[in-house]
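Results of the structural survey
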Amino acid sequence: MKPRWIKDFHYPSRPEELAFGACTEAGVLITPNSGWRVFRPVIDHSRCVRCLLCWTYCPDGVIGKEEKELTIDYDYCKGCGICAHECPKRAISMVKEGKRP
Amino acid sequence: MAEVGIMAIDFKNLSDRELMYGQKTCPGCGATVAIRLALKILGERTFLCIPACCAAATTNAYPQTSFFVNNVVTAFPATGSTIAGMAAAAEAQGLEDVTILGVAGDGGTADIGLQALSGACERNDNVIYLCYDNEAYMNTGIQRSSSTPWGAWTTTSPAGEGARGVVKSRKNLFDIIAAHRVPYCATASVAYPRDFMEKIAKAKAIKGARFIHVQAPCPTGWGYPTEKTIEYGRLAVGSGLWYLAEYENGEMKLNMTPKTFKPVESYLRGQRRFQHMKEDDYRLIEKQRDREWALLRERMKS
Ligand SMILES: Cc1ncc(C[n+]2csc(CCOP(=O)(O)OP(=O)(O)O)c2C)c(N)n1
Ligand code: SF4
Ligand SMILES: [Mg+2]
């Protein structure tokens, strides 16, 4: 899961905000990866048994397991589909972006 | 974070906090799985060092980094020597609870970084070296490395009329490092995350030079759909073309010995890099595999 304290990235609007040399504020992520996605994973929570295989295999760590139901950070999910492919319960489906599940 | 007990990885107890996030690796990248899981076990008190490779190029988009641990980006051949220096610095500062971790690709390990790694192993520097093996120089556009398997197409080992991909068998890194008689050395696969994380946890608890060679399928370079990374990792082990082993206390051990192998075609056929292969190529690979396994079984307990 995305670390909670991470700050969102803003493009510098003034020269003072530009990074200088190797020194810049830490804990800021660069642009989201959601634009790469063609299909979006959608979890059917009624089928999920929390085996956490999707959580383990997710390359980008976008699945969160802290809440009662697993969460997905759609800002950083690239839509690779590993979670849906590996889910033993077929609880995750890949839905074309722009369509409703 | 609670100490992760050796041989008792439970996904439920692992930290949900990522130490690497937002990196620009390709969708479905196996190397990313390996680094993410390794950092989960090693925890925040890790000093990381990465040479030129996918893992460096995709995590350092100026001026930010995707890592939430300190990370030294080093020159392509220098992982072994850089982590040796970092370990010396940590020792000089009296830091005892830290792990020095080098993460490099197969090119940066088996080819250009081999002598620096060999030096670190020979001196028994207090480091962990994790080589994620995507079986070619991927970051620069799929060139052959000495860890690319026989017959694979890459841009520098073309396949087609009169050419059949890589013409040499791959180097066995596990054997090379075990020959240094290091305290711990292992192979792993991202498709077997429990085994992999147990090996990382084991390595964390040991002092001295530790080496883990993890196979990390690469959808971009191997040419398969992004969702099949784990499946291909499994097929590689199932068909006997990759193996899970450990070297510890002077003894080699196989962690998994398939009774019967899956046909090599099941692993090779779906990948673009093996598309040119014909029936006799498969049989040749099978023969090589059986010879390799006879050797493995002879040397190792399982
Ligand atoms: C001395 C030197 N030679 C060449 C390069 C260019 N280069 C950067 S990354 C790379 C390939 C790395 O391959 P590998 O170590 O297998 O990692 P991967 O990209 O596959 O993750 C090369 C050739 C370099 N950075 N430095
Ligand atoms: S080329 Fe392969 S190893 Fe490199 S980021 Fe892409 S999937 Fe990962
Ligand atoms: Mg490589």
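Placed above this text is the structure.
In this report, we go over the structure that sits alongside the text. No experiment lies behind these values; they were computed from the predicted model shown.

**Quick word on the coordination of the magnesium ion (ligand 3)**
Residues and elements named next belong to chain B.
- The protein atoms that coordinate the magnesium ion (ligand 3) are D106 (OD), N134 (OD1) and A136 (O), at distances of 2.0 to 2.1 Å.
- Each donor residue of the magnesium ion (ligand 3) belongs to the same chain, and together they define the spacing D-x27-N-x1-A. Considered together, N134 and A136 belong to a single accessibility category, that of buried residues.

**What to know about the interface of chain B and chain A**
- Between chain B and chain A, the residue contacts involve 37 residues of the former and 42 residues of the latter.
- Interface of chain B and chain A: buried area, both sides summed, is about 3300 Å²; carbon and sulfur atoms make up 57% of it.
- Our count for the contact surface shared by chain B and chain A stands at one salt bridge.
- Between R234 of chain B and E86 of chain A there is a salt bridge; the shortest N-O distance is 3.0 Å.
- There are 22 residue pairs in polar contact (both at pLDDT 80 or more) connecting chain B and chain A.
- Those elements that provide at least two residues to the side of chain B that touches chain A are α1 (30–42), α7 (193–205) and α9 (229–238) of chain B.
- Considered class by class, the residues forming the side of chain B that touches chain A number 17 nonpolar, nine polar and 11 charged.

**Some thoughts on the site of ligand 1**
Residue and element names in this part refer to chain B.
- Close to ligand 1 lie 16 residues, the nearest being D106, G107, G108, Y132 and N139.
- A distance of 2.4 Å is found between an oxygen atom of ligand 1 and a side-chain nitrogen or oxygen belonging to Y132.
- Between ligand 1 and the protein, one listed contact pairs an oxygen atom with a backbone N or O atom of A136 at 2.9 Å.
- Taken by itself ligand 1 offers 580 Å² of open surface, and the protein chains cover 72% of this.
- A per-class count over the shell around ligand 1 returns nine nonpolar, six polar and one charged.

What counts and how
For every chain, the first residue of the written sequence is number 1, and numbering continues from 1 onward in sequence order. Labels follow written order: the first chain is A, the first ligand is 1, and so on. This being a predicted model, a pLDDT of at least 70 is required before a residue's local features are given, and a value of 80 or more before pairs of side-chain atoms are given or counted; all residues contribute to the totals for chains, interfaces and linings. Processing note: side-chain calculations cover all non-hydrogen atoms of the structure and skip hydrogens and water entirely. Coordinating donors are taken to be N, O and S atoms lying within 2.8 Å of the metal, or within 3.2 Å when the metal is Na, K or Ca; because water is excluded from the atom set, some sites may appear incomplete. The buried label applies to any residue whose accessible area, calculated with a 1.4 Å probe on protein chains only, is under 20% of its type's maximum; exposed applies above 50%, and partly exposed to all values in between. Working rule for contacts: check all heavy atoms of both residues, and any pair within 4.5 Å makes them a contact. The quantity reported as buried area is the accessible area (1.4 Å probe) lost by two parts once they are put together, taken as the sum for both. One speaks of a salt bridge when a side-chain nitrogen belonging to Lys or Arg is within 4 Å of a carboxyl oxygen belonging to Asp or Glu. Contacts described as polar in this section are N or O atom pairs within 3.5 Å, which, within protein, must combine one atom able to donate a hydrogen with one able to accept it, while residues neighboring in sequence count only if both atoms come from side chains. Helix numbering and strand numbering both begin at the N terminus, where a helix is a DSSP run of H or I of at least 4 residues and a strand a DSSP run of E of at least 2. Three categories are distinguished: nonpolar for Ala, Val, Leu, Ile, Met, Phe, Trp, Tyr, Cys and Pro, charged for Asp, Glu, Lys and Arg, and polar for the others, with Gly belonging to the last. Any residue with at least one heavy atom within 4 Å of a molecule or strand is counted as near it. Note on areas: Shrake-Rupley with a 1.4 Å probe; residue coverage comes only from the protein chains shown.

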